[in-house]
There are 2 protein chains.
Amino acid sequence: MKRTAFFISDGTGITAETLGQSLLAQFDNIAFRRLTRPYIDSVEKAQTMVQQINEVAASEQMRPIVFDTIVNAEIRDILSTANAFKVDIFSSFLAPLEEELNDRSSYSVGKSHSITHSANYMERIEAVHFALDNDDGGRTRHYDSADIILVGVSRCGKTPTCLYMAMQYGIRAANYPLTEDDMEHLQLPSSLSKYKDKLFGLTIDADRLAAIRNERKPNSRYASYAQCEFEVREVENLFQRENIKFINTTHFSVEEISAKILVEKGIERRFK
Amino acid sequence: MKRTAFFISDGTGITAETLGQSLLAQFDNIAFRRLTRPYIDSVEKAQTMVQQINEVAASEQMRPIVFDTIVNAEIRDILSTANAFKVDIFSSFLAPLEEELNDRSSYSVGKSHSITHSANYMERIEAVHFALDNDDGGRTRHYDSADIILVGVSRCGKTPTCLYMAMQYGIRAANYPLTEDDMEHLQLPSSLSKYKDKLFGLTIDADRLAAIRNERKPNSRYASYAQCEFEVREVENLFQRENIKFINTTHFSVEEISAKILVEKGIERRFK
């Protein structure tokens, strides 16, 4: 039977979720049912929450794990009456931080993912629109203002990676697909060659690429292993010849690909 | 002077960043310089890291704050020699969790944001492509497989919200802009009316909308306050008349909007 884990917050729940997921991921042998409960920001909601937790504890005969980032003391007190194993994230760390920083925590709710706290929130949204407008080589005239331009064969992961970098870090990422035409010339398209320092290559194993393309266009030449293998080989040759750094995305998530690109290119995240 | 904070990880650094940012956001009076250092996964990198931290401590005459999620004991030991105030996230919580779960942590690196750990990682990427393909009312024939369809005036935040819900939660979100034509009819477009249970409305203050539209098309009728005010009023009337739940996005981030929509619609996140 699955063990139930709650991620509870008076804000979005993102911090409780992220930390809770990371910790639970360390326990491979246990299957978890994960429930996020954001905006638990009133006495009534907290009481209902306690009831839900207790019902789960009773029906599963095992107390749930609760990861919480509740800031309000009254709500936290109510939650602490629940029959659960509590990982109280804020109270574990805020007091020592207060001492080190010689300052009082503001104990204000939902700060970290709010629009007002983040000076460059609008920059992040602009970066998302930049990624959309400069997706798939559709436009190249704004490459001047790009922080990075991803290149690679069709469906190797360029678009989700650009969107993630934009959303998470406010980085302006364009992408340009290297299509068969470009490959026959065996050289970098002219629209890219003057931005060589912004280029970063993505590649992928041919069999994985064929599987992805088959989802979209089953049994097409585009999705055939032979075509995928040819494109990947040519593009990797191009990367090497032109000294374009690249990574193979096959075994990595967009989060990992993005983090690796930032390290490789020496780009700092744009933080609030 | 700014106080320096490091987010250090042997993986992507996302967990260290997210928790560190949340904690630092509680200290309004202090300005922080934030540096993320992912993939610190070798003895050499750890030693270089210690050197960097010590240099910052010396030059700023104030030890940096270090948030870390290092799993490997050898690397953690090296890091602990740095002149820093350490918030050691994993070691604070893993031992108590091991006891509660009656299981040993696998102490494996970079689990939570990896492709292999996440059973539905491909589902998330598919959801991103779904959001892109079904953006801006471009196609309506896949609404059958949408989890949610966001509606609202142009530039009220539909697209970034759809992409965030897809990327973060694997939710298939389409969006449909209510344009002037639709408003004059004062009824729901026929392509939407049969999916009424999937609809969710976004609205926005007219002056904020005018500011956003002016960035794109300065001094246009589209961006005028009068036009924005008219559109917002008509659309809010439509939402009320048709009993479509909606929220005003003006003061919320995409993270907050997404979390609120999931609560309102009772949609559970699709977790790994």
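Residues numbered from 1 in each chain as written. Chains lettered and ligands numbered in written order. Predicted model: local features only at pLDDT ≥ 70, side-chain atom pairs only at ≥ 80, totals over all residues. Heavy atoms only, no water.

Looking at an unreviewed UniProt entry, chain A carries the name Putative phosphoenolpyruvate synthase regulatory protein, with the source organism given as Denitrificimonas caeni. Per UniProt, chain A has the following entry under Function (unreviewed entry): "Bifunctional serine/threonine kinase and phosphorylase involved in the regulation of the phosphoenolpyruvate synthase (PEPS) by catalyzing its phosphorylation/dephosphorylation." (UniProt positions renumbered as here; feature names shortened; annotations may be inferred.)

Draft legend 1. The overall build of chain A, seen in detail. Within chain A, the secondary structure is distributed over 11 helices and 8 strands. Over its C-alpha trace chain A gives a radius of gyration of 24 Å, far above what one expects of a compact globule, namely 19 Å for 272 residues. Projected onto its principal axes, the C-alpha coordinates of chain A cover approximately 70 × 45 × 30 Å. Counting all 272 residues of chain A, 57% fall into the buried class. Placing the 33 positive and 39 negative side-chain charges of chain A at their respective mean positions leaves the two points 2 Å apart. (Helix = DSSP H or I, 4+ residues; strand = E, 2+ residues; numbered from the N terminus. Rg over C-alpha atoms; globule rule 2.2 N^0.38 Å. Buried < 20%, exposed > 50% of the residue type's maximum accessible area, 1.4 Å probe, protein only. Lys, Arg positive; Asp, Glu negative; His and termini not counted. Charge placed at Lys NZ, Arg CZ, Asp CG, Glu CD.)

Draft legend 2. Quick peek at the pattern of salt bridges. Counted by the stated rule, this structure contains 32 salt bridges over all chains. Where Arg33(A) meets Glu60(A), a salt bridge forms, and the shortest distance between an N and an O atom there is 3.1 Å. Of this pair, Arg33(A) sits in strand β2 (residues 32-37) while Glu60(A) sits in helix α2 (residues 43-60), and the two are 27 residues apart along the sequence. For Arg33(A), a relative accessible area of 33% gives the class partly exposed. Glu60(A) sits in the buried class, given a relative accessible area of 14%. Between Asp88(B) and Lys86(B) there is a salt bridge, with the nearest N and O atoms lying 3.9 Å from each other. According to the relative accessible area criterion, Asp88(B) is buried, its value standing at 15%. Look at Lys86(B) and you get partly exposed, because its relative accessible area is 25%. Each of Arg3(A), Arg63(A) and Glu100(B) takes part in a single network of salt bridges with overlapping partners. (Salt bridge = Lys/Arg side-chain N within 4 Å of Asp/Glu carboxyl O.)

Draft legend 3. Representation of the packing of aromatic side chains in the model. Residue and element names in this part refer to chain A. If you walk through the whole model with that rule in mind, you get 9 aromatic pairs over all chains. Ring centres 5.9 Å apart and planes at 80 degrees place the aromatic pair tyrosine 143 and tyrosine 195 in the edge-to-face group. Here the residue tyrosine 143 occupies a position in the loop between α5 (121-133) and β5 (148-152), and tyrosine 195 occupies one in the loop between α8 (190-193) and β7 (199-203), the gap between them amounting to 52 residues. Judged by relative accessible area, which is 0%, tyrosine 143 ranks as buried. Taking 6.2 Å as the distance between ring centres and 85 degrees as the angle between the ring planes, the aromatic pair formed by tyrosine 164 and tyrosine 169 counts as edge-to-face. Tyrosine 164 gets classed as buried once you look at its relative accessible area, which sits at 4%. Of the residues examined, tyrosine 169 reaches a relative accessible area of 1% and is grouped as buried. A cation sits over an aromatic face here: lysine 217 above tyrosine 222, 5.0 Å from the ring centre. Over the aromatic face of phenylalanine 252 sits the side chain of lysine 260, whose NZ or CZ is 4.4 Å from the ring centroid. (Phe/Tyr/Trp six-rings, centres within 6.5 Å; stacked < 30°, edge-to-face > 60°. Lys NZ or Arg CZ within 6 Å of the ring centre and 35° of its normal.)

Draft legend 4. Region of the structure containing helix α11 (residues 254-265) of chain A. Residue and element names in this part refer to chain A. Over its 12 residues, α11 extends 16 Å from the first C-alpha to the last, a length consistent with the 16 Å expected when each residue adds 1.5 Å. Those residues of α11 lying buried are Val254, Glu255, Glu256, Ile257, Ser258, Ala259, Ile261 and Leu262. Phi turns positive one or two residues past the end of α11, at glycine 266, with a value near 65 degrees. (Expected span 1.5 Å × (residues − 1).)

Draft legend 5. Main features of the relation of the copies chain B and chain A. Superposition of chain B onto chain A requires a rotation of 180 degrees combined with a translation of 0.0 Å along the rotation axis, giving an RMSD of 0.0 Å. Both copies of the chain, as the preceding transformation shows, are related through a two-fold rotation axis. With an isologous cut-off of 70% or more, the 100% of interface residues of chain B that recur at the interface of chain A puts this contact in the isologous class. (Least-squares fit on C-alpha atoms with pLDDT ≥ 70 in both. Contact = heavy atoms within 4.5 Å.)

Draft legend 6. Quick look at the sheet that holds strand β2 (residues 32-37) of chain B. The sheet built from 4 strands is open, its strands ordered β2-β1-β3-β4 (chain B) with parallel pairing. Every interior strand has two partners, whereas the edge strands, β2 and β4 (85-88) of chain B, have only one. Geometrically, the sheet is characterised by an average inter-axis angle of 20 degrees between neighbouring strands, direction not taken into account. Packed onto the sheet, helix α4 (residues 89-101) of chain A meets β1 (3-8), β2, β3 (65-68) and β4 of chain B and runs at close to 170 degrees relative to β4(B). (Pairing = 2+ DSSP bridges. Axes fitted to C-alpha atoms, helices over the stretch in contact; angles between N-to-C directions.)

Draft legend 7. Representation of the UniProt feature "binding site: ADP" (unreviewed entry) in chain A. Those places that UniProt annotates as "binding site: ADP" (unreviewed entry) correspond, in this numbering, to Gly152(A), Val153(A), Ser154(A), Arg155(A), Cys156(A), Gly157(A), Lys158(A) and Thr159(A). Within the element layout of this structure, Arg155(A) appears in the loop between β5 and α6 (158-169). Classification of Arg155(A) as buried rests on a relative accessible area of 16%. Not counting residues within four places of it along the chain, the set of residues in contact with Arg155(A) comprises Ile204(A), Leu209(A), Ile212(A), Arg213(A), Arg216(A), Tyr222(A), Glu126(B) and His129(B). Tracing the backbone shows Cys156(A) in the loop between β5 and α6.

Draft legend 8. Fine view of the nonpolar core. In this structure, Leu192(A), Ile261(A), Ile149(B), Leu192(B) and Ile261(B) are the most contacted members of the largest nonpolar core, which totals 100 residues. If near-sequence neighbours (up to four positions away) are discounted, Ile261(B) is found in contact with Ile148(B), Leu150(B), Thr161(B), Met165(B), Phe200(B), Leu202(B) and Ile247(B). Listed in part, the 38 residues of the second largest apolar core include Phe27(A), Phe67(A), Val71(B) and Phe93(B). (Core = buried A, V, L, I, M, F, W, Y, C linked by side-chain atoms within 4.5 Å.)

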